[in-house]
Amino acid sequence: MKNIFFILCLTMVSLCSALAQEFKPGEVWKDTEGNIINVHGGGILYHDGTYYWYGTSMHFNSKASPLKGVGVYTSKDLYEWENKGIALSVYPEGSGHKIEDGCLIERPKVIYNEVTKKFVMWFHLELKGKGYAAAEYGVAVSDSPVGPFKFLHAGRSCSGIKPMNMSVDDVEELSSKQNIKRRDPEWRSVVDKGLYTVRDLGKGQMVRDMTIFVDKDKKAYHIFASEENQTLHIVELSDDYCNYTGRYVRILPGKGNEAPTIFRHKGKYWLITSGCTGWAPNAARMAVADDIWGPWTELENPCIGEKANKTFNSQGTFILPVHGKKNVWIFMADRWNPNNLGDSRHIWLPISFDENGVPELKWYDSWKY
Ligand code: DGJ
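Right, let's walk through the structure included here. (Residues numbered from 1 in each chain as written. Predicted model: local features only at pLDDT ≥ 70, side-chain atom pairs only at ≥ 80, totals over all residues. Heavy atoms only, no water.)

## Re the overall build of the protein
- A count of helical and extended segments in the protein gives 4 helices and 21 strands.
- Here the C-alpha radius of gyration of the protein, 21 Å, is about what a compact globule of 369 residues would show, namely 21 Å.
- Expressed as lengths along the three principal axes of its C-alpha atoms, the size of the protein is roughly 90 × 55 × 40 Å.
- The buried share of the protein, reckoned over its 369 residues, is 53%.
- Of the contacts formed within the protein by residues at least 6 apart in sequence, a portion of 50% connects residues at least 24 apart.
- Once the 44 positive and 44 negative side-chain charges of the protein are each reduced to a mean point, those two points are 1 Å apart. (Helix = DSSP H or I, 4+ residues; strand = E, 2+ residues; numbered from the N terminus. Rg over C-alpha atoms; globule rule 2.2 N^0.38 Å. Buried < 20%, exposed > 50% of the residue type's maximum accessible area, 1.4 Å probe, protein only. Contact = heavy atoms within 4.5 Å. Lys, Arg positive; Asp, Glu negative; His and termini not counted. Charge placed at Lys NZ, Arg CZ, Asp CG, Glu CD.)

Structure below.
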């Protein structure tokens, strides 16, 4: 009798843990201690058999997005996550530091540099008390994937350098058009051409929603919304991943893309982004290129089915290749809750491909890779 009871208990336990081994997009995701997983707008690094999930650690019951810093969780299988605390901490209020408490740190991404053996974090930084006006990048490094990360520098990108896909003639022409206002009929065409790029040549280009992509040849790129969120920029990083090389392009000019996510499949680069509607969801967009520098071709929204026009009520943040699985990618997104950002939900969905090899996203209440 005792034996039967024991076997029954064992079966129940393994059944429960088997059930836990699946993603349930939109439900409350808890860590191994039973607390809500509080990393948002983040990304995942796979390193030496462990996944490291980084994201902004946000406050609960808050309308704004204050934070303690960048949080990190670890997992062996992507289903069970252990809280490893704050990988990059903000500096105390009043310190005057660029990442002083009260600043905004959004969409952090961490990559590993095989030569320097350092973990490098890039993030979108907004300075304390300045709303979203500063539009800067920030960089921090660590010897360990769980931190503590040390702040290196922050600022605008590529000051004094024009994009590779803008001519000297364009710069000259747009310099003479800086007084064109939004209400003027010419505004749209000059913005598409790079009105704001030229405006910001001196102080550097704006950096907002962002991701980092490491290509097969280990070159890394910072991809972000720039030019008042009108145009995406792709900037090459230095060999140590801690700086810009100054080589960059403007892509999808004037299309108003945010939340860039990217992956490479069968020699093509696929970009999945969102439109600009604050914390509210909108329809995802997609673009493809044979070369990271472009040209990029716009495609349809990859989402299919109910709520496809709102990206299933979410906004992308990262595309994760599952280690050891061929052609398995997870589209990671946030279902923002602007009144309680810490309780924004995680929406992870598998990327599938149609008969022409074009990525698709479909909703699943639960799924496994
Ligand atoms: C949309 C962005 O994608 C988010 O990261 C955040 O910056 C919100 N806007 C703020 O409104």
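From this point, things continue past the structure.
## Concerning the sheet that holds strand β3 (residues 67–75)
- Spatial ordering of the open sheet is given by β1-β2-β3-β4, a layout of 4 strands whose pairing is antiparallel. Each of the sheet's edge strands pairs with one partner strand only, and the pair in question is β1 (40–47) and β4 (82–89). Each neighbouring strand pair of the sheet contributes to a mean axis angle of 25°, computed without reference to strand direction.
- Looking at chain direction, β3 and β4 are connected through 5 bridges and run antiparallel. (Pairing = 2+ DSSP bridges. Axes fitted to C-alpha atoms, helices over the stretch in contact; angles between N-to-C directions.)

## Structural notes on the pattern of salt bridges
- Per the counting criterion, the structure on display carries 25 salt bridges.
- When the shortest N-O distance is used, the salt bridge between K128 and E100 registers 3.9 Å. Of this pair, K128 sits in the loop between β6 (118–126) and β7 (136–142) while E100 sits in the loop between β4 and β5 (104–113), placing them 28 residues apart in sequence.
- Judged by its relative accessible area of 10%, E100 is buried.
- Beyond isolated ion pairs, a larger network of salt bridges with shared partners links D170, E173, K177, E186 and K193. (Salt bridge = Lys/Arg side-chain N within 4 Å of Asp/Glu carboxyl O.)

## So, the environment of Q315
- Tracing the backbone through its elements, the reader meets Q315 in strand β18 (residues 315–321).
- Sequence separation between Q315 and E126 is 189 residues, and the spatial gap between their C-alpha atoms is 20 Å.
- A distance of 2.8 Å separates a polar atom in the side chain of Q315 from a polar atom in the side chain of W336. (Polar contact = N/O pair within 3.5 Å; in protein donor to acceptor, adjacent residues only side chain to side chain.)

## Some details on helix α2 (residues 168–175)
- Along α2, the positions that sit buried rather than exposed are D170, V171 and L174. Buried residues along α2 cover an arc of 100° about the axis, so they all sit on one side. Across from the buried face of α2, at angles greater than 90 degrees, the exposed residues are V168, D169 and E172.
- Buried positions along α2 lie against α3 (187–193) and α4 (195–199). (Arc of directions from axis to C-beta.)

## Overview of the site of the ligand
- Every residue close to the ligand is listed here: E106, R107, Y132, D209, E258, G278, W279 and Q315.
- One of the side-chain N or O atoms of D209 is found 2.4 Å from an oxygen atom in the ligand.
- Considering the ligand on its own, with 300 Å² of exposed area, one finds that the protein chains cover 89% of that surface.
- Taken together, the residues of the shell around the ligand break down into 2 nonpolar, 2 polar and 4 charged. (Near = heavy atom within 4 Å. Areas by Shrake-Rupley, 256 points an atom, 1.4 Å probe, with all protein chains shown as cover. Nonpolar A, V, L, I, M, F, W, Y, C, P; charged D, E, K, R; others polar.)

## Let's talk about the nonpolar core
- I44, W53, L78, W81, I330 and W348 are the most contacted members of the largest nonpolar core, which totals 35 residues.
- Mapped onto this core, the elements with two or more residues apiece are β2 (50–58), β14 (268–274), β15 (285–289), β18, β19 (329–335) and β20 (345–353).
- Per-element tally for this core: the top contributor is β19, with 5 residues.
- Setting aside chain neighbours within four positions, we find I330 in contact with F23, L78, F318, I319, L320, V322, W348, L349 and W367.
- Counting 29 residues, the second largest nonpolar core, distinct from the first, contains L174, L201, V207 and Y248. (Core = buried A, V, L, I, M, F, W, Y, C linked by side-chain atoms within 4.5 Å.)

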